[in-house]
Amino acid sequence: MKSIIVIGAGILGASTAYHLAKQGADVMLIDRKDAGQATQAAAGIVCPWLTNRRGGPFYRLVEAGARYYPSLIEELKKDGEMETGYAQVGAINIYSGETKLEKKLKLAMERRKDTPEMGEVSRLSTVETNALFPPLADHYASVHVSGAARINGAALRDALISGAEKHGAKIVDGDASLDWSDERVTGAVVNGEMFQADHVIVTGGAWSKQLLERLGMRFLVTPQKAQIVHLELPDTDTGKWPIVMPPFIQYLLPFENGRIVAGGTQEDEAGFDLRVTMGGVNHIIERALKVAPGLSCSTYVETKVGFRPFTPGNVPIVGAVPRVKGLLVANGLGASGLTSGPFLGAELARLVIGERTELELEEYDPGSAFG
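Residues numbered from 1 in each chain as written. Predicted model: local features only at pLDDT ≥ 70, side-chain atom pairs only at ≥ 80, totals over all residues. Heavy atoms only, no water.

Participant: Residues and numbers for the sheet that holds strand β11 (residues 184–190), please.
Facilitator: The pairing of strands in a sheet happens through backbone hydrogen bonds and is either parallel or antiparallel. Spatially, β10-β11-β12 is the arrangement adopted by the three strands of the open sheet, whose pairing is antiparallel. Here the strands that pair on one side only, and so sit at the sheet edges, are β10 (176–181) and β12 (193–196). Across the sheet, the mean angle from the axis of one strand to that of its neighbour is 35°, orientation sign disregarded. In this structure, β11 lies alongside β12, joined through four bridges in antiparallel fashion. For Ala188, the partnering residue across the bridge sits in β12 and is Phe195. (Pairing = 2+ DSSP bridges. Helix = DSSP H or I, 4+ residues; strand = E, 2+ residues; numbered from the N terminus. Axes fitted to C-alpha atoms, helices over the stretch in contact; angles between N-to-C directions.)

Participant: Quick one: what's the story with the sheet that holds strand β4 (residues 86–88), residue by residue and with numbers?
Facilitator: The strand order across the open sheet formed by three strands is β3-β8-β4, and the pairing between neighbours is antiparallel. Two strands close off the open sheet at either side, each with one partner strand: β3 (43–46) and β4. The average angle at which neighbouring strand axes cross in this sheet is 20°, direction not considered. Here β4 runs beside strand β8 (residues 149–152); their pairing, made up of three bridges, is antiparallel. Pairing of Ala87 across the sheet is with Arg150, part of β8.

Participant: Quick one: what's the story with unusual backbone geometry, residue by residue and with numbers?
Facilitator: Residue Gly264 follows Gly263 across a cis peptide bond; omega there is -25°. Tracing the chain through its elements places Gly264 in the loop between β17 (259–263) and α8 (278–291). Positioned with a positive phi, Asp182 is a non-glycine residue whose angle comes to about 50°. With respect to the element layout, Asp182 can be found in the loop between β10 and β11. When its relative accessible area of 73% is taken as the criterion, Asp182 is described as exposed. Unlike most non-glycine residues, Glu183 shows phi in positive territory, near 60°. (Buried < 20%, exposed > 50% of the residue type's maximum accessible area, 1.4 Å probe, protein only.)

Participant: Summarise the environment of Glu363; cite the residues concerned and give the values.
Facilitator: Position of Glu363 among the secondary structure elements: in the segment after α9 (337–353). For the pair Glu363 and Pro48, spaced 315 residues apart in sequence, the C-alpha separation works out to 19 Å. Filtering out sequence-adjacent residues up to four positions away, Glu363 remains in contact with Pro57 and Arg60. (Contact = heavy atoms within 4.5 Å.)

Participant: Just give me the short version of the packing of aromatic side chains, but keep the residues and values in it.
Facilitator: Tallied over the entire structure, the rule returns seven aromatic pairs. Ring geometry for Tyr69 versus Tyr86: centroids 5.3 Å apart, planes at 10°, classification stacked. With Tyr69 in helix α3 (residues 56–78) and Tyr86 in strand β4, this residue pair connects regions lying 17 residues apart in the sequence. We classify Tyr69 as buried; its relative accessible area is 1%. With a centroid separation of 4.9 Å and an interplanar angle of 40°, the aromatic rings of Phe219 and Phe370 are classed as tilted. (Phe/Tyr/Trp six-rings, centres within 6.5 Å; stacked < 30°, edge-to-face > 60°.)

Participant: Outline the side chain of His230, listing residues and values.
Facilitator: Note that His230 resides in strand β14 (residues 222–232). Beyond its immediate chain neighbours, meaning those up to four positions away, His230 contacts Arg259, Ile260, Val261, Thr299, Tyr300, Val301, Glu302 and Lys304.

Participant: So what's going on with the nonpolar core? Which residues, and what values?
Facilitator: Among the nonpolar cores identified, the biggest contains 73 residues, and Leu20, Val27, Trp49, Leu156, Leu160 and Ile201 are the most heavily contacted of them. Broken down by element, this core gets its largest block of residues, eleven residues, from α3. In this structure, Leu156 is in contact with Ile11, Tyr69, Ile73, Leu76, Thr84, Ile151 and Pro342, ignoring residues within four places of it in sequence. Membership of the second largest hydrophobic core comes to 26 residues, among which are Val185, Phe195, Val321 and Phe370. (Core = buried A, V, L, I, M, F, W, Y, C linked by side-chain atoms within 4.5 Å.)

Participant: Mind laying out empty space enclosed by the protein, listing which residues take part and the relevant values?
Facilitator: Counted according to the given criterion, the structure contains one cavity of 30 Å³ or more. Taken as a whole, the largest cavity encloses approximately 30 Å³ of empty space. For the largest cavity, the full set of lining residues is Pro246, Phe248, Gln250, Tyr251, Leu252, Arg287, Ala288 and Val291. Looking at the lining of the largest cavity, the elements with two or more residues in it are β16 (251–254) and α8. Sorting elements by how many residues they give to the lining of the largest cavity places α8 first, with three residues. Among the residues forming the lining of the largest cavity, the class breakdown is six nonpolar, one polar and one charged. (1 Å grid on protein atoms, 1.4 Å probe; cavity = no way out; pocket = protein on both sides within 12 Å on 5 of 7 lines; lining within 4 Å. Points joined across faces, edges and corners; volume = space filled by probe spheres on them. Nonpolar A, V, L, I, M, F, W, Y, C, P; charged D, E, K, R; others polar.)

Participant: Residue-level account of the packing of α3 against helix α6 (residues 153–166), with values.
Facilitator: α6 packs onto α3 with a crossing angle of 55° between their chain directions and a minimal axis gap of 10 Å. Regarding the angle of α3 to α6, the classification is oblique. In the packing of α3 onto α6, the handedness of the crossing is left-handed. Across from Tyr69, Leu72, Ile73 and Leu76 in α3, the residues of α6 making contact are Leu156, Ala159 and Leu160. In terms of residue class, the contact of α3 with α6 is built from seven nonpolar, no polar and no charged. (Parallel < 35°, antiparallel > 145°, perpendicular 65-115°, else oblique. Left-handed = near helix turned anticlockwise from the far one by under 90°.)

Participant: Please provide a residue-by-residue account of the pattern of salt bridges, values included.
Facilitator: Counted under the stated rule, the structure contains 19 salt bridges. With a closest N to O distance of 3.2 Å, Lys22 and Glu75 form a salt bridge. Residue Lys22 is found in helix α1 (residues 11–22), and its partner Glu75 is found in helix α3; the two are separated by 53 residues along the sequence. Residue Lys22 is classed as partly exposed on the basis of its relative accessible area of 31%. Of the charged contacts in the structure, one is a salt bridge between Arg259 and Glu302, with a shortest N-O distance of 3.8 Å. Residue Arg259 is found in strand β17, and its partner Glu302 is found in strand β18 (residues 299–310); the two are separated by 43 residues along the sequence. (Salt bridge = Lys/Arg side-chain N within 4 Å of Asp/Glu carboxyl O.)

Spelled out as structure tokens, the structure:
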């Protein structure tokens, strides 16, 4: 039985540990619970099919990630994990102009031919669109994709960790450092205690740079700060409302009990600044009210802050660290973490165990992220 240490329990690390444990590996998942973890703050949208990025490694990954979700949720339910934070509620990509709407509809219909998990794709009138999400302004028509889903990142992560424990994984809270000898990583030290393993996998998101620097490595991952606003519509049943995807980079994501999540900022120069800023909140609320003026009567609840990890080229990386035995890394999921993280964790587990992966992981070579 292989022994494997996974460092970093965000959505990617939790999924990796879960799938390894299900395969019978001896797994330890270590996390120091940094404030600002992307998964903890994230409310995710599983709807990669409307992106304008055509083909390539990024699209192949997110498309596979979306396809994988229904089977993953079923597996978690079999393990007794019923609170996964996943709900298939559909999405509407809204437009006020005819040309852009028709272009997006054409793209969606083309992708639907080979992607049945998209569900039904249809064009909705302004009246139909407003009926699905009443706070919207009344001049938006939309492309509706019924197979899109929402994710509560923290809930799904917790379900994966709980599932991993049920299959024998050990969960350890603490600050890990890598044990290094003769160009080989042999384990990790946590809270002063040494744990040995055949393989160590670093899935620490934006904080992985600090961990690898201790071995003299220059790991090119950078944090992108995201501020995400939570609102509440009193006495409103929003549980089945669809996700709203405006023509600019933002979203409105409804949850149960009147909760609406509006996000998020993309702050590349903020570092690990955890502060909620007036400018960030104003940016989100101004854009939210632009498309959904009906939210003006909602209650402001809170703003969450998370740090998305990005690697060079904005393409995730996964695999063995160059010139170091026993060490693997997976990182750079950026804003697609909740879409691609669970699937990439399953792929990483297959890679370590020696099974065939679904994707050609050479396209996600970690070498590009080391300077």
